[in-house]
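Letter by letter, the chains look like this.
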Amino acid sequence: MPAACDSVLEDIEDIVSAEDLKPHDRQFVRKNVFPKVRKRNSQKNIQTDDDPPSDSIIPGAQKIWIRTWGCSHNNSDGEYMAGQLAAYGYKITDNSAEADLWLLNSCTVKNPAEDHFRNSIKKAQEGKKKVVLAGCVPQAQPRQDYLKGLSIIGVQQIDRVVEVVEETIKGHSVRLLGQKKDNGKRLGGARLDLPKIRKNPLIEIISINTGCLNACTYCKTKHARGDLASYPIEELVDRAKQSFQEGVCEIWLTSEDTGAYGRDIGTDLPTLLWKLVEVIPEGAMLRLGMTNPPYILEHLEEMAKILNHPRVYAFLHIPVQSASDSVLMDMKREYCVADFKRVVDFLKEKVPGITIATDIICGFPGETDEDFQETMKLVEQYRFPSLFINQFYPRPGTPAAKMHQVPAAVKKQRTKDLSQLFHSYNPYDHKVGERQRVLVTEESFDSNYYVAHNPFYEQVLVPKDPLLMGKMVEVNIYEAGKHFMKGQPVSDARVYTASITRPLAKGEVSGLTEEFRHASQNGTNWKAHPSAEIPVKTPLRSRMALQLPWQQEGGGLKILSVSLALLAVLVMFYYGGMKTEL
């Protein structure tokens, strides 16, 4: 027998069938109704140790495993969520098996990323883990079948992750997918001064805006991140200052399109960058994120000056996607190949040695062999040192998914051909023998080297000497590969400490002011005021007053009870009965 909630109710009448008694019929049989004492089943009221009541669970004592897929913006969101949970008392673990709850932060750009996300949900459920979902997949399509019954934290609601996790651990399902607004104007998202745990204590990722101004026909991220919403310059500069005070020596600026920054708030990217440059300490570096050609075209002169600054990497990620104007038109990219070339040529002339990274989609719907050959010629002409090659995947709900698709075998072959072309040249061979200044910030994937970057954000592997981490050093390049160079520190060169203070330990929470620490130790919690983006300290218990009913303890049952009561009243009103019945 189907459940009552399996179908959508179009009207209150749908609740009452033709066979149900009418009010006057119920009045006639009322004399035959007698109250009965319900027998208690004591066994049903006994809670087992394996399934304690939700009220007996103490939030903040559990272990949480966080997995993030996708871009640096998503990684920044993951760091913020980890920081807030750790500040509340939860233990962030790298061991998924020992975790009580999995927080899965998804990416919706390509099918494989969503497949990994879906498989992780299934694995968590099989392992009897509590699950909270985040990122662009559930934000864009929260009603997908495999998301049913699971808690979701929206991309603009990450400052409320503690509440969602708390309720999920108690056995409730919570979904917060709304947009943050101030007087009706959409904001960039959660506050930038929230606690966070940096994946790398030396690198701060700052989201300068969310969303974009484009409507690319293949893009699913737009469904999740929405239109452009920029953070004020003052907040971004303050975040950068705080990061440097915590030992950070490298800042990444990220967003769906950094070039569009500020167009919604009356400013622009160069204005922000000049303000940030003023607060970057000597030895520290700033890396710009991805920008689409249309918006960078308006600021080429200023951008060239900024990219020549000694504390800014001469690096820019400018996706071209295709070298065919007809394909770009079908993609609704709002530029032509000539625009892209103009940007690249200008920056190469004005910023000697600059690294230009780009993206290309192989097999977009309608792409002909001639279109693809134009793309091959573009790569051959510029020999991009960093090239992200993507086979086209139709994303559900996008216009491109409804277009005539290129056969899978053709897409696969074009991807293979472009990859072979990319690997046919070595962009760094001519740099062997050079003496370069590099900033050491990471460990290589194989753990055999430390990873540094020169002023052009080219990867340089150096000896794994702990004294080099976080330092600006000079190296002699003695070997070059496809994606890296190897350098040996110069013995007589000065080793410069890039951080102005000791970096935080790995896993240590950033942004914990003394006031925040005091609040945590005394059983209070920081909570965003519902009508403004300002922190308000409230006791955990009284915090309920600021929450919607479904966010409160036992809120799901309360909502259900109230809803059923209102439904009963409506039914009785409809049939003319407001009479008490036994």
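About the cut-offs
- Residues numbered from 1 in each chain as written.
- Predicted model: local features only at pLDDT ≥ 70, side-chain atom pairs only at ≥ 80, totals over all residues.
- Heavy atoms only, no water.
- Phe/Tyr/Trp six-rings, centres within 6.5 Å; stacked < 30°, edge-to-face > 60°.
- Buried < 20%, exposed > 50% of the residue type's maximum accessible area, 1.4 Å probe, protein only.
- Lys NZ or Arg CZ within 6 Å of the ring centre and 35° of its normal.
- 1 Å grid on protein atoms, 1.4 Å probe; cavity = no way out; pocket = protein on both sides within 12 Å on 5 of 7 lines; lining within 4 Å.
- Points joined across faces, edges and corners; volume = space filled by probe spheres on them.
- Nonpolar A, V, L, I, M, F, W, Y, C, P; charged D, E, K, R; others polar.
- Domains from an automatic or database assignment.
- Helix = DSSP H or I, 4+ residues; strand = E, 2+ residues; numbered from the N terminus.
- Pairing = 2+ DSSP bridges.
- Axes fitted to C-alpha atoms, helices over the stretch in contact; angles between N-to-C directions.
- Contact = heavy atoms within 4.5 Å.
- Polar contact = N/O pair within 3.5 Å; in protein donor to acceptor, adjacent residues only side chain to side chain.
- Salt bridge = Lys/Arg side-chain N within 4 Å of Asp/Glu carboxyl O.
- Parallel < 35°, antiparallel > 145°, perpendicular 65-115°, else oblique.
- Left-handed = near helix turned anticlockwise from the far one by under 90°.

J.: Whenever I open this one, the packing of aromatic side chains confuses me. Can you help?
T.: Working definition: an aromatic ring pair is given by the centre-to-centre distance plus the angle between the planes. Under the definition given, this model contains 11 aromatic pairs. Look at F422 and Y425: their rings are 5.8 Å apart centre to centre, the planes differ by 85°, and that puts the pair in the edge-to-face class. One exposure class covers both F422 and Y425, and it is buried. It is R118 that lies over the ring of Y146; its NZ or CZ is 4.6 Å from the centre. The ring of Y80 carries the charged tip of K196 above its face, separated from the ring centre by 4.4 Å.

J.: How do you make sense of empty space enclosed by the protein when you look at a structure like this?
T.: Empty space left among the atoms is revealed by rolling a probe the size of a water molecule over them. What the rule picks out here adds up to 2 cavities of 30 Å³ or more. If you trace the largest cavity, you find 17 residues lining it, with H73, D77, I158, A190 and Y231 closest to the centre. The residue inventory of the lining of the largest cavity, partitioned by class, reads 7 nonpolar, 7 polar and 3 charged. Each of domain 1 (63–179) and domain 2 (202–425) accounts for three or more of the residues forming the lining of the largest cavity. In this structure, the second largest cavity occupies an estimated 30 Å³ of space. As for the second largest cavity, its lining consists of M285, Y313, R437, V438, L439, H453, N454, P455 and M472. It is strand 17 (residues 435–443) that provides the largest number of residues to the lining of the second largest cavity, a total of 3 residues. Classifying every residue of the lining of the second largest cavity gives 6 nonpolar, 2 polar and 1 charged.

J.: It is not clear to me how the sheet that holds strand 16 (residues 386–391) should be interpreted in this structure. Could you clarify?
T.: The strands making up a sheet are joined through hydrogen bonds of the backbone, oriented either antiparallel or parallel. What the 3 strands build is an open sheet, ordered 14-15-16; its pairing is parallel. The outermost strands of the open sheet, each flanked by one partner alone, are strand 14 (315–317) and strand 16. Taken pair by pair, the neighbouring strands of this sheet meet at an average axis angle of 15°, ignoring direction.

J.: Looking at this structure, I do not really get the sheet that holds strand 13 (residues 285–287). What am I missing?
T.: Spatial strand order, 9-12-13: 3 strands in an open sheet with parallel pairing. Looking at which strands have only one partner, the edges of the open sheet turn out to be strand 9 (203–207) and strand 13. For this sheet, the mean inter-axis angle between neighbouring strands, taken without regard to orientation, is 20°. Note that strand 9 and strand 12 (residues 250–254) share 5 bridges and pair parallel. Across the sheet, I205 pairs through a bridge with W252, a residue of strand 12. This element, helix 7 (residues 233–245), spans strand 9 and strand 12 of the sheet and lies at about 170° to strand 9.

J.: In this structure, what is going on with the environment of F346? I would like to understand it.
T.: Turning to its location among the elements, F346 is positioned in helix 12 (residues 337–350). Discounting chain neighbours no more than four positions away, the residues touching F346 are L300, E301 and A304.

J.: Sorry if this is basic, but what is going on with the environment of C362 here?
T.: One can find C362 in strand 15 (residues 355–362). The sequence separation of C362 and S322 amounts to 40 residues, and the corresponding C-alpha distance is 8.0 Å. Excluding residues within four positions of it along the chain, C362 makes contact with E367, F372, I389, N390, Q391, F392, K411, R414, T415 and L418.

J.: Is there a simple way to explain the side chain of T93 in this structure?
T.: Relative to the helices and strands, T93 is located in strand 2 (residues 91–93). Residue classification places T93 among the buried residues on the basis of a relative accessible area of 6%. Polar side-chain contacts of T93 include one of 2.5 Å to the side chain of E98. Contacts of T93, omitting those with residues within four sequence positions, involve K63, I64, W65, E98 and A99.

J.: So what exactly am I meant to see when it comes to unusual backbone geometry here?
T.: With a phi close to 65°, E334 is a non-glycine residue in the positive phi region. Position of E334 relative to the elements: it lies in the loop between helix 11 (325–331) and helix 12. Positive phi, close to 45°, is recorded for R383, a residue that is not glycine. When its relative accessible area of 38% is taken as the criterion, R383 is described as partly exposed.

J.: How should the pattern of salt bridges be read in this particular structure?
T.: When the charged atoms of two side chains with opposite charge come close together, those side chains can pair. One pass over the full model with this rule turns up 27 salt bridges. The salt bridge involving E166 is made with K170; its shortest N-O contact spans 3.7 Å. Comparing E166 with K170 shows no difference in burial state: the two are buried. The salt bridge partner of K464 is E443, with a shortest N-O separation of 2.8 Å. With K464 in the loop between strand 19 (459–462) and strand 20 (471–480) and E443 in strand 17, the pair connects residues that are 21 residues apart, well separated along the chain. Given a relative accessible area of 38%, K464 falls into the partly exposed group. By relative accessible area, which is 41% here, E443 ends up partly exposed.

J.: Hey, could you run me through the packing of helix 10 (residues 300–307) against helix 12 in this one?
T.: When two helices pack together, their arrangement is given by the angle between the helix axes and by the axis-to-axis distance. Two elements in contact, helix 10 and helix 12, have axes separated by 10 Å at closest approach and are oriented at 40°. Here helix 10 is positioned oblique relative to helix 12, judged by the angle of their axes. Of the two elements, helix 10 crosses helix 12, and the hand of that crossing is right-handed. Along its contact with helix 10, which presents L300, E301, A304 and L307, the element helix 12 presents R342, V343, F346, L347 and K350. Taken together, the residues that form the contact of helix 10 with helix 12 break down as 6 nonpolar, no polar and 3 charged.

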